[in-house]
Amino acid sequence: MMKKPSAAAARRLAAAHAHSAQVPQAVPDGLARLLDVYVPLDMDRDTWQAIRGSHREILLRSQLRGETSFKRLRGVVAHFLAYRQTSGLSIDTATALTYLAIDDYYRHGTTGLDPKTKNDYRSRLRALACKVNPGLDAPSRAVSLGHQSVKPPYAAEEEAAITRYALRQRHPATRRQMCIAVGLCGGAGGDSVDLRHARRHHIEVTPDGIIVNFPGPRPRRVVVRRSYEALVFAGIEGLTPGQLLIGTAVGRNNIVASIVERAELHGAPHIEASRLRTTWLAWLMTRPVPLNVILDAAGLTTARTLCDLLPYLPASDPAALRDGNLP
């Protein structure tokens, strides 16, 4: 039978392990060059300068050897550290790379990211934390964040204001992209994931309305809500069939939030793709539209999202039960 180590021996082993993780390991020259030339997109210079040292230290301890994984992780770590820096939180490795800190980032620092990207970022950071932070503050078992309820829909006056602000943008490119983002999210239930790969040829203008053939992980065919058609027309003006509806790079994350950040929106309601989508869903739920049609158009497989929206709907009138029509 193997002899159980003494408490003192266990402490020495733990200290040795912690020390080895604190010493940056040599990385292949190719990865070092990727780190030397890296500058995050859409991050202000002061924030990058403030986090650059911690960013480099963490990546050197990552123990990664694959170029693709390394390039992906450097962006995730930059986004994470930028959130902590701008929130006034410590970017010291021992403090920042804990599960509690990562879960705080997941809840509050990734609100503009789509759910898949949020989960991917958290998984990568948790795996990284286990490698580079083995001390007393090392990650413990993560607490489940539970079901994430939908955000409330916009009120009618907020919808009208968002439409006005989109159409009144002075910069032509910003106006077009704001219009297509608001038009497809508020008028067809799209979100950043749906718009990421969408091109002009995915939109059909027919005598019976505008039809959007959303590509991506939730492919579906949706007719645009009539009151949003003007926005979609403004958003596709001048585009060639193969041109992306938003931007020039395929697969960018958080594309709607990026447009909103560039737009002139002083005094406007805070514009979010997810709230525009839930506004569209809530509107459909107050109309005589079959449930299966709503689910198909929204790319949903269950009605849970619709149930989450019930508290935001107006009071119902039982008179609709007689003929199936709203009074």
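Below: a short report on this structure.

## Quick word on the overall build of the chain
Then step 1. When its secondary structure is counted, the chain shows 16 helices and three strands.
Then step 2. Classification of the 327 residues of the chain by burial places 45% in the buried group.
Then step 3. Here the contacts in the chain between residues at least 6 apart in sequence split such that 69% fall between residues at least 24 apart.
Then step 4. Just so you have it, the chain exposes about 18100 Å², and 54% of that area is on carbon and sulfur atoms.

## Points about the sheet that holds strand β2 (residues 209-214)
Then step 1. An order of β1-β2-β3 is seen for the three strands of this open sheet, with the pairing classed as antiparallel. One side of each edge strand has no neighbouring strand; the edge strands of this open sheet are β1 (203-206) and β3 (220-223). Mean inter-strand twist for the sheet, computed between neighbouring axes without regard to direction, equals 20°.
Then step 2. Two strands pair when backbone bridges link them, and β2 and β3 are joined in this way by four bridges, in the antiparallel orientation. Within the sheet, the bridge partner assigned to I211 lies in β3 and is V223.

## Let's talk about helix α12 (residues 255-262)
Then step 1. Turning to α12, its buried residues are I255, V256, S258, I259 and V260.
Then step 2. Elements that come into contact with the buried residues of α12 comprise α9 (172-188), α10 (192-195) and α13 (273-285).

## Re unusual backbone geometry
Then step 1. You will see that D42, though not glycine, has its phi angle at about 60°, which is positive.
Then step 2. Residue placement: D42 occurs in the loop between α2 (29-36) and α3 (45-60).

## Topic: the pairing of β1
On a regular strand, one side chain projects to one face of the sheet and the next to the other, so that they alternate.
Then step 1. Looking at chain direction, β1 and β2 are connected through four bridges and run antiparallel. Each residue of the ladder has a partner; that of V205, found in β2, is I210.
Then step 2. Counted along the chain from β1 to the antiparallel partner β2, the turn is two residues long.

## As for helix α11 (residues 229-236)
Then step 1. Counting buried positions over the eight residues of α11 gives six, a clear majority of the element.
Then step 2. Of the positions making up α11, those classed as buried are E229, L231, V232, A234, G235 and I236.
Then step 3. Where α11 is buried, its residues meet α8 (156-167), α9, β1 and β2.
Then step 4. In the segment just after α11, G238 is the residue with positive phi, at about 85°.

## Description of the nonpolar core
Then step 1. One finds M178, L184 and L245 to be the most contacted residues of the largest nonpolar core, which totals 48 residues.
Then step 2. Apart from residues no more than four positions distant in its own chain, M178 is found in contact with A166, Q169, I259, V260, A263, L265 and I271.

## Here we look at the packing of helix α6 (residues 99-108) against helix α7 (residues 115-132)
Then step 1. Packing of α6 against α7 leaves a shortest axis separation of 10 Å and a crossing angle of 165°. Between α6 and α7, the crossing angle belongs to the class labelled roughly antiparallel. Classified by chirality, the crossing of α7 by α6 is right-handed. Facing α6, whose interface residues are Y99, I102, D103, Y105 and Y106, α7 presents K118, N119, Y121, R122, L125, R126, A129 and C130.
Then step 2. By residue class, the composition of the contact of α6 with α7 is eight nonpolar, one polar and four charged.

## A few points about the pattern of salt bridges
Then step 1. Under the defined criterion, the tally for this structure stands at 13 salt bridges.
Then step 2. Linking D194 and R218 is a salt bridge whose minimum nitrogen-to-oxygen distance equals 3.0 Å. Highlighted residues: D194 in helix α10 and R218 in the loop between β2 and β3, separated in sequence by 24 residues.
Then step 3. Because the salt bridges share partners, they merge into one network encompassing D191, D194, R218 and R220.

Conventions adopted
- Residues numbered from 1 in each chain as written.
- Predicted model: local features only at pLDDT ≥ 70, side-chain atom pairs only at ≥ 80, totals over all residues.
- Heavy atoms only, no water.
- Helix = DSSP H or I, 4+ residues; strand = E, 2+ residues; numbered from the N terminus.
- Buried < 20%, exposed > 50% of the residue type's maximum accessible area, 1.4 Å probe, protein only.
- Contact = heavy atoms within 4.5 Å.
- Areas by Shrake-Rupley, 256 points an atom, 1.4 Å probe, with all protein chains shown as cover.
- Pairing = 2+ DSSP bridges.
- Axes fitted to C-alpha atoms, helices over the stretch in contact; angles between N-to-C directions.
- Core = buried A, V, L, I, M, F, W, Y, C linked by side-chain atoms within 4.5 Å.
- Parallel < 35°, antiparallel > 145°, perpendicular 65-115°, else oblique.
- Left-handed = near helix turned anticlockwise from the far one by under 90°.
- Nonpolar A, V, L, I, M, F, W, Y, C, P; charged D, E, K, R; others polar.
- Salt bridge = Lys/Arg side-chain N within 4 Å of Asp/Glu carboxyl O.

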